[in-house]
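Chain by chain, the residues run as shown.
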Amino acid sequence: MSRLDDLLELSDRELLSAHCAGDADAFGEIFRRHRDRMWAVALRTTRDPEMAADAVQEAFIAAFRRADSFRGDAAVTTWLHRIVVNSCLDRLRRTKPVVGLPDADHSDLADRHDHHHSVDVRLDVQRALEQLPEGQRMALVLVDMHGLSITEAANILDVAEGTIKSRCARGRAAMVPLLGLPAPADVPLSHPPKEPMAPS
Amino acid sequence: MLPDQTAEPAAERLITDIEVSTLIAPRKPVGSSPDDDQTGVRALLSGLPEPDPMPAYLVERISASLAAEQAQRAVLASGASVTPLLATRRRPRRLLFSLAGAAAAVVLIGVLGNNLVRDSSSGGVTSAASSGLPSAARESSGLAPPSSADKSVSGDALAPASIQIRVSTVRYTQATFVAQARKLRDVAFDSPQPMATDSSGVGPIGTTGGLTSCLNAIGAGGAQLVQADLAFYEGQPAVIIVATTNGVPTAYAVGRGCSQADASLLHQGVVLP
């Protein structure tokens, strides 16, 4: 069995341990396993391929350097998500006045809907997401789009689980009018639930 | 930002699109858990297609950065002092580091150890790598074949007269292997630093003994001059070896795990023109 085959057999935790112990190839395998997922998270967080590329690169290098800071109380993938999301948010916050919402012009919606409507739906959802506050948007990206659990999302965003639930509910409610969806009778669109106080 | 009221007709059209879309099939969540969604938004979001995989250029870019990080780590572990390697682009301060990092990646981690050129006429000992001569010049100078005194590694392994090892982020490919190997042959391995056997961070292949063992496995144990590049071949961590025997340079690509027991040959030996 070759060296690379050996690496394939290892779990993420074992790979990270091997990396910390000086293994030259272990982190490469971690990168191979998680790069597409982290790219998707970065892309959906920043909505800018170039920024996402820089952010995900910075994140993997940070993870390489800080691997010994992994405490093991969460999955490696959750730890990576957290580094990637923080890298993205840092970049977004630094460039916010400049970035704005370059794609927020809805004037071409009518034309576009005559063709490739599935792609259009994706774009429209993306644009609606862009209009949400950062906290709500990130909660929806992680929970609804990437299928992470409330606990994982709370861990990644470093907030209470109740905060994630609240942000998801508020974000979804805010998306309804933005997408022109019919408002469910039992969803308080005008007064979505308040976020709980973060635990001290 | 507030919703764009002018987009209302489009939004109405969007409802139709969502209903007919085969790509996105909204579903009403069932159950009563706290994250249940009665709006349909969750179903809409979860039904969106995943973005494409990470593009190849980015995979290569990050792989190169990680390789540079690994090279720095290996050098630091060996006790040598180098400038920090690059982290990301587009940041002026990091750009300086990246330039320094590129230089560090090219810093040649020579291994001398017991690989010395023995002058049979005078009995004196001269370090080929520390002589400052480019490898091509050393090669053309006609190095003496190794003596039986060089049998110091791996049992019967015959240590070449000179072994030079460097760490780089060069990504060798099958299509361009010969040209890339020729560059390796012609590069000057400056500022050699002895690499500790147990601290290279790249395994035994990064040491004189480990490389010699590998040379025997690929049939290049009789080489007088060996240049090894800890780099990549077809995207895999690899070692590119140019072994010169009686003035004839032959290039190989092997896996990092190459040893006497397992050559892990990735590219058959090819004589360089």
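Residues numbered from 1 in each chain as written. Chains lettered and ligands numbered in written order. Predicted model: local features only at pLDDT ≥ 70, side-chain atom pairs only at ≥ 80, totals over all residues.

**Student:** Give me the lowdown on the overall build of chain B, citing residues and values where you can.
**Tutor:** Per the secondary structure count, chain B includes seven helices and seven strands. Taken from N to C terminus, the helices and strands of chain B fall in the order α-α-α-α-β-β-α-β-α-α-β-β-β-β. The contacts in chain B between residues at least 6 apart in sequence include a share of 59% that link residues at least 24 apart. (Helix = DSSP H or I, 4+ residues; strand = E, 2+ residues; numbered from the N terminus. Contact = placed C-beta atoms within 7 Å.)

**Student:** Report on the overall build of chain A, specifying residues and quantitative values.
**Tutor:** A count of helices and strands for chain A gives ten helices and zero strands. Ordered by position from the N terminus, the helices and strands of chain A form the series α-α-α-α-α-α-α-α-α-α. Considering chain A as a whole, with its 200 residues, one finds that 46% of them fall into the buried category. Long-range contacts, defined as pairs at least 24 residues apart, comprise 60% of the intrachain contacts of chain A with a sequence gap of at least 6. (Buried ≥ 20, exposed ≤ 12 C-beta atoms within 10 Å, placed from the backbone.)

**Student:** Which residues make up the sheet that holds strand β6 (residues 248–255) of chain B, and what values do they have?
**Tutor:** Note on sheets: strands pair through backbone hydrogen bonds, and any given pair is parallel or antiparallel. Residues and elements named next belong to chain B. Pairing is mixed in the open sheet, where five strands are placed in the order β3-β4-β5-β6-β7. Edge positions in the open sheet fall to β3 (162–172) and β7 (265–271), since each of these has one partner strand only. Neighbour-to-neighbour, the strand axes of the sheet open up by a mean angle of 15 degrees, direction not taken into account. Here four bridges tie β6 to β7, and the two strands are oriented antiparallel to one another. By the bridge assignment for β7, Ala251 is matched with Val270. (Pairing = 2+ DSSP bridges. Axes fitted to C-alpha atoms, helices over the stretch in contact; angles between N-to-C directions.)

**Student:** Run through unusual backbone geometry, naming residues and quoting values.
**Tutor:** Unusually for a residue other than glycine, Arg47 of chain A sits at a positive phi of about 60 degrees. Note that Arg47 of chain A resides in the loop between α3 (26–46) and α4 (49–65). By the C-beta count within 10 Å, which is 20 here, Arg47 of chain A ends up buried. For Ser264 of chain B, which is not a glycine, the phi torsion comes out positive at approximately 50 degrees. Considering the arrangement of structural elements, one finds Ser264 of chain B in the loop between β6 and β7.

**Student:** Could you give me a rundown of the packing of helix α8 (residues 134–145) of chain A against helix α10 (residues 161–179) of chain A, with the residues and numbers involved?
**Tutor:** Residues and elements named next belong to chain A. Interhelical geometry of α8 versus α10 gives an angle of 100 degrees and a closest axis separation of 8 Å. When the interaxial angle is binned, α8 and α10 end up roughly perpendicular. Of α10, the residues touching α8 (which contributes Gly135, Gln136, Arg137, Ala139, Leu140, Val143 and Asp144) are Ile164, Arg167, Cys168, Arg170, Gly171, Arg172 and Ala174. Residue composition of the contact of α8 with α10, by class: six nonpolar, three polar and five charged. (Parallel < 35°, antiparallel > 145°, perpendicular 65-115°, else oblique. Nonpolar A, V, L, I, M, F, W, Y, C, P; charged D, E, K, R; others polar.)

**Student:** Please provide a residue-by-residue account of α4 of chain A, values included.
**Tutor:** In a regular helix each residue adds 1.5 Å, so 17 residues correspond to 24 Å; α4 of chain A covers 24 Å between its end C-alpha atoms and thus fits that length. The element α4 of chain A is extensively covered by neighbouring structure, given that 13 of its 17 residues are classed as buried. (Expected span 1.5 Å × (residues − 1).)

**Student:** Tell me about the environment of Leu225 of chain B, residues and numbers included.
**Tutor:** Following the sequence through the fold, Leu225 of chain B ends up in strand β4 (residues 225–233). Considered as a pair, Leu225 of chain B and Ala243 of chain B are 18 residues apart in the sequence and their alpha carbons are 5.9 Å apart.

**Student:** Give me the packing of helix α2 (residues 12–20) of chain A against α3 of chain A: which residues, what numbers.
**Tutor:** Residues and elements named next belong to chain A. Running from N to C, α2 and α3 cross one another at 145 degrees; their axes reach a closest spacing of 8 Å. Relative to α3, α2 is oriented so that their crossing is left-handed. Here Asp12, Leu15, Leu16, Ala18 and His19 of α2 lie close against α3, whose contacting residues are Ala26, Phe27, Glu29 and Ile30. Looking at the contact of α2 with α3 residue by residue, the class counts come to six nonpolar, one polar and two charged. (Left-handed = near helix turned anticlockwise from the far one by under 90°.)

**Student:** Hey, could you go over the pairing of β4 of chain B for me, with residue numbers and the actual values?
**Tutor:** Residue and element names in this part refer to chain B. Within β4, nine of the nine residues are buried, which leaves it mostly tucked inside the rest of the structure. Residue alternation in β4 divides its side chains into two sets, Leu225, Gln227, Asp229, Ala231 and Tyr233 and Val226, Ala228, Leu230 and Phe232, and both sets are buried. As paired strands, β3 and β4 are joined by eight bridges and run parallel to one another. Bridge pairing links Val167 to Leu230 in β4. The pairing of β4 with strand β5 (residues 236–245) spans nine bridges and is antiparallel.

**Student:** Kindly report on the nonpolar core, identifying the contributing residues and their values.
**Tutor:** The nonpolar side chains of a soluble globular protein tend to be buried with one another. Ala42, Val56, Val84 and Ala153 of chain A together with Ile240 and Ile241 of chain B are the most contacted members of the largest nonpolar core, which has 102 residues in total. In this view, Val84 of chain A contacts Met38, Val41, Ala42, Ala55, Val56 and Ala59 of chain A; residues no more than four positions away in its chain are not counted. (Core = buried A, V, L, I, M, F, W, Y, C linked by C-beta atoms within 7 Å.)

**Student:** Give a description of the confidence of the model for chain A that names residues and reports values.
**Tutor:** Averaged over every residue, the pLDDT of chain A is 80; residues scoring 70 or more account for 76%. Low confidence marks residues 98–115 of chain A, where pLDDT is under 50. Its contacts with residues over four positions away, or in another chain, come to 21 contacts. (pLDDT = per-residue confidence, 0-100.)

**Student:** With reference to specific residues and values, describe the environment of Leu132 of chain A.
**Tutor:** All names here are of chain A. Structurally, the position occupied by Leu132 is in the loop between α7 (117–130) and α8. Put simply, Leu132 and Arg172 are 40 residues apart on the chain and 9.5 Å apart in space, counted from C-alpha to C-alpha. If we ignore the near neighbours within four places in the chain, the residues touching Leu132 are Arg137, Gly171 and Ala174.

**Student:** With reference to specific residues and values, describe the confidence of the model for chain B.
**Tutor:** All names here are of chain B. Scored by pLDDT, chain B comes out at a mean of 63, with 50% of its residues at no less than 70. Mean pLDDT across the elements of chain B ranges from a minimum in strand β2 (residues 125–126), with 28, to a maximum in β6, with 92. Contacts of residues 1–32 to residues separated by more than four positions or lying in other chains number 56 contacts, the stretch itself having pLDDT below 50. Segment residues 99–158 is flagged for pLDDT under 50; beyond a separation of four residues in sequence, or across chains, it makes 135 contacts in the model. For this predicted complex, the interface confidence comes out at an ipTM of 0.78, alongside a pTM of 0.49.

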